[in-house]
Amino acid sequence: MLDHLAISVRRQKKLIILFLLTIFLPSAALSVFSIRAIRNERYRLSQQLENEHRRAAAFITHQVDAGFGRVEHTMEKLAQDDSFRQRDYALIRGAMQTQLEPDDLVELVFLAYDDGELLFPLFRPARALRAPPEPSPLNGVQEDRLDRARRMEFVQDRFSEAATLYEQVLARSEDRQIRARMLNNMARCLAKSTDDDRAILCYVRICREYPDCTTSSRLPLDLVARIQMAKCYRNRGADTNARAAFLQAYRDLLKNRWPLEVDQFNLFASILEKELSDNLEGTEREPGVKGTLWAFLTLKELRIELSEQWRVVNAVTNSVWPELWKKGEAEYFESSLPIRFSAPVDEEDYLIICVPVPGDDQQAWLGVKIDDSQLLHREMARIWNDFPFAHESSSSVSTLSGRVLSEYGSPSSGASTVVASFEGQFPPWRINFSSPAMRRLAVMNLMKSYHLWTILTILILLTFGTALVVRTLTHEMEVLGLKSDFLASVSHEYRTPIMSIMVLVERLRQGKVKSADKVNEYYTIISQNA
């Protein structure tokens, strides 16, 4: 088989050389060139996509930085207001409401003086920033009367007489705090003696005349009076009035009407929610209750949002500001330029911008917390849509540790083409760009490339030429096989009778055949095969 193949190759040597020179070698050279051209095209496409993503990253980071610059400019302009130097909290709150509150990027505004606590004018009303004055001390007679009233109320259960003594203290005092607290004591005693009508009148008077006074434990007396008044309505069986009073107190609580700390806020919110839930239980079919129930459910959702705001206020007060103050004393606050600062709190990056408030005799800083949710899901989404992408792309924003915060464009599982950071690492995030259409674009461009069709044509020619050469060699090998078989057959046909004659002649010559009949038979065979 191999001999035949070697013979066939030698006989068709000209054809094979012609095939190699005219088809195979040119096809191989063109194929190498086309493959390199396709690779260069893919590289050009990837570079084009990468350059587009770099431009998009620069555009997005610049726009985000411009948004921060807009907030800084507003803060610097606001800090020039005389109300900050005069500490006029009502004017400060009004200026913040008109200039900072409308900005979607601003989540929380705070104000810090070097001699006081951290203030949140937009979150807590202006009057809440000032603690009410302590009551004036009572004289000996008033103090004795007050002690007797307390014993009657809490030890002897003589509530009516205790209410009378509280009223006497009220009548003989000019201090607003004392008068308000005595009214509250009177109302409490009247409620205990089931005189709910008079108790309600006392609570109404507290709400109208002493809304800024507090209890001895520094709780807002207005809020306490509203809750107790609603309970008096409930005790009288006036459930509709009780529901309305509880609901209004709950609504005002969620509006931050009173100066409360977070634990006080949660306590009163829980009390009011329980009272309203108990009052509304089983009354769904009563006329007019559906509106109250709907309002209550709406306020409960608002309470969840407000609880989140309280969480942010506590984080800024207890974690972010102390760290910023500690670092600022050494680095920041000597400068009159705005400060950008980020601090991780509970797996969230708090983005803070501070500007100094001008003043000769005091140091003060106006600060805002950037709403990172608004920044990620609305502001950056808008910026993404504003960029004129030529190719289908996607990007994600992640923390420096790799936790994905938001995604834009079409979902993609491809490798990142560009990774960019924000200016000054503020915010401390990364933008990762990728293209879900990279493979599809490569295929589409490949289909349009003449290099691909050149390779396909070359493959067809190579296939045809190879088939022709193989067919020629195969036919040559078949002819050689037939010749070899024919020669072997002819040689066998000649060799067989000659061998027979030689054997018979040898026996006759050696005299091994004695019988005359046998000798004649041998001669006959020799004569027939000769």
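In what follows, the structure referred to is the one given above.
On a predicted model such as this, the values are computed, not experimentally measured, just so you know. (Residues numbered from 1 in each chain as written. Predicted model: local features only at pLDDT ≥ 70, side-chain atom pairs only at ≥ 80, totals over all residues. Heavy atoms only, no water.)

A.B. asks: How should the overall build of the protein be read in this particular structure?
C.D. replies: Regarding its fold elements, the protein presents 16 helices and nine strands. Restricting the contact set of the protein to residue pairs at least 6 apart, pairs at least 24 apart contribute 64%. Accessible surface, the protein as shown: approximately 30,200 Å² in total, 54% of it carbon and sulfur. (Helix = DSSP H or I, 4+ residues; strand = E, 2+ residues; numbered from the N terminus. Contact = heavy atoms within 4.5 Å. Areas by Shrake-Rupley, 256 points an atom, 1.4 Å probe, with all protein chains shown as cover.)

A.B. asks: Just to check I follow, could you spell out the nonpolar core for this structure?
C.D. replies: A general tendency of soluble globular proteins is for nonpolar side chains to be buried together. Tyr-250 and Leu-253 are the most contacted members of the largest nonpolar core, which totals 80 residues. Residue contributions to this core peak at 13 residues, all from helix H12 (residues 289-332). Sequence-distant contacts of Leu-253, defined by excluding residues within four places in its chain, comprise Leu-223, Trp-258, Leu-260, Phe-265, Phe-268, Ala-269, Leu-272 and Leu-306. Counting 46 residues, the second largest nonpolar core, distinct from the first, contains Ala-57, Leu-105, Val-357 and Ala-420. (Core = buried A, V, L, I, M, F, W, Y, C linked by side-chain atoms within 4.5 Å. Buried < 20%, exposed > 50% of the residue type's maximum accessible area, 1.4 Å probe, protein only.)

A.B. asks: Is there a simple way to explain helix H8 (residues 196-209) in this structure?
C.D. replies: Since the α-helix packs 3.6 residues into each turn, any two residues three or four apart lie on the same face. End to end, H8 covers 20 Å across 14 residues, agreeing with the expected 20 Å (1.5 Å per residue, within 8%). Within the sequence span of H8, burial applies to Asp-196, Ala-199, Ile-200, Cys-202, Tyr-203, Ile-206 and Cys-207. Mapping the buried residues of H8 onto a view down its axis gives an arc of 160°, with all of them on the same face. Residues of H8 that are exposed and point over 90 degrees away from its buried face: Leu-201 and Arg-208. The inward-facing, buried residues of H8 abut helix H7 (176-192) and helix H9 (221-236). (Expected span 1.5 Å × (residues − 1). Arc of directions from axis to C-beta.)

A.B. asks: What exactly am I supposed to notice about the packing of H7 against H8 here?
C.D. replies: Angle between the axes and distance between the axes: these two values describe a pair of packed helices. Across the interface, H7 lies against H8 with an axial gap of 8 Å and an inter-helix angle of 160°. Between H7 and H8, the interaxial angle falls into the category roughly antiparallel. H8 is crossed by H7, and the crossing has left-handed handedness. Contacts between H7 and H8 involve Arg-176, Arg-179, Ala-180, Leu-183, Asn-184, Met-186, Ala-187, Arg-188, Leu-190 and Ala-191 from the first element and Asp-196, Arg-198, Ala-199, Cys-202, Tyr-203, Arg-205, Ile-206 and Glu-209 from the second. Considering only residue class, the contact of H7 with H8 consists of 10 nonpolar, one polar and seven charged. (Axes fitted to C-alpha atoms, helices over the stretch in contact; angles between N-to-C directions. Parallel < 35°, antiparallel > 145°, perpendicular 65-115°, else oblique. Left-handed = near helix turned anticlockwise from the far one by under 90°. Nonpolar A, V, L, I, M, F, W, Y, C, P; charged D, E, K, R; others polar.)

A.B. asks: Is there a simple way to think about the packing of helix H10 (residues 239-254) against helix H11 (residues 262-280) in this case?
C.D. replies: For the pair H10 and H11, interaxial distance at closest approach is 10 Å and the crossing angle is 155°. Here H11 runs roughly antiparallel to H10, going by the angle between their axes. The interaxial crossing formed by H10 with H11 has left-handed handedness. Within the contact between the two elements, H10 uses Asp-239, Ala-242, Arg-243, Phe-246, Leu-247, Ala-249, Tyr-250, Leu-253 and Leu-254 and H11 uses Phe-265, Phe-268, Ala-269, Leu-272, Glu-273, Glu-275, Leu-276, Asn-279 and Leu-280. Looking at the contact of H10 with H11 residue by residue, the classes come out as 13 nonpolar, one polar and four charged.

A.B. asks: Where do I start with the side chain of Arg-179 in this structure?
C.D. replies: Within the secondary structure, Arg-179 is located in helix H7. Side chain to side chain, Arg-179 and Tyr-210 meet in a polar contact 3.0 Å long. Apart from the residues within four sequence positions on either side, Arg-179 is in contact with Leu-170, Ser-173, Glu-174, Arg-205 and Tyr-210. (Polar contact = N/O pair within 3.5 Å; in protein donor to acceptor, adjacent residues only side chain to side chain.)

A.B. asks: How do you make sense of the environment of Asn-241 when you look at a structure like this?
C.D. replies: When you line up the elements, Asn-241 lands in helix H10. The spacing of Asn-241 and Met-229 is 12 residues in sequence and 9.7 Å in space, taken between C-alpha atoms.

A.B. asks: Could you clarify how one ought to interpret the sheet that holds strand S9 (residues 429-434) in this entry?
C.D. replies: Consider a sheet: its strands pair through backbone hydrogen bonds, and that pairing is either parallel or antiparallel. Reading across the sheet, the four strands line up as S7-S6-S9-S8 and stay open at both edges, with antiparallel pairing between neighbours. Each end of this open sheet is capped by a strand with a single partner; those strands are strand S7 (404-409) and strand S8 (418-421). For this sheet, the mean angle separating the axes of adjacent strands, direction not counted, is 20°. Of the strand pairs in this sheet, strand S6 (residues 394-399) and S7 are connected by five bridges, and their pairing is antiparallel. (Pairing = 2+ DSSP bridges.)

A.B. asks: Would you mind going over the side chain of Ser-173 with me for this structure?
C.D. replies: Tracing the sequence through the fold places Ser-173 in the loop between helix H6 (159-171) and H7. Given the relative accessible area of 6%, Ser-173 is considered buried.

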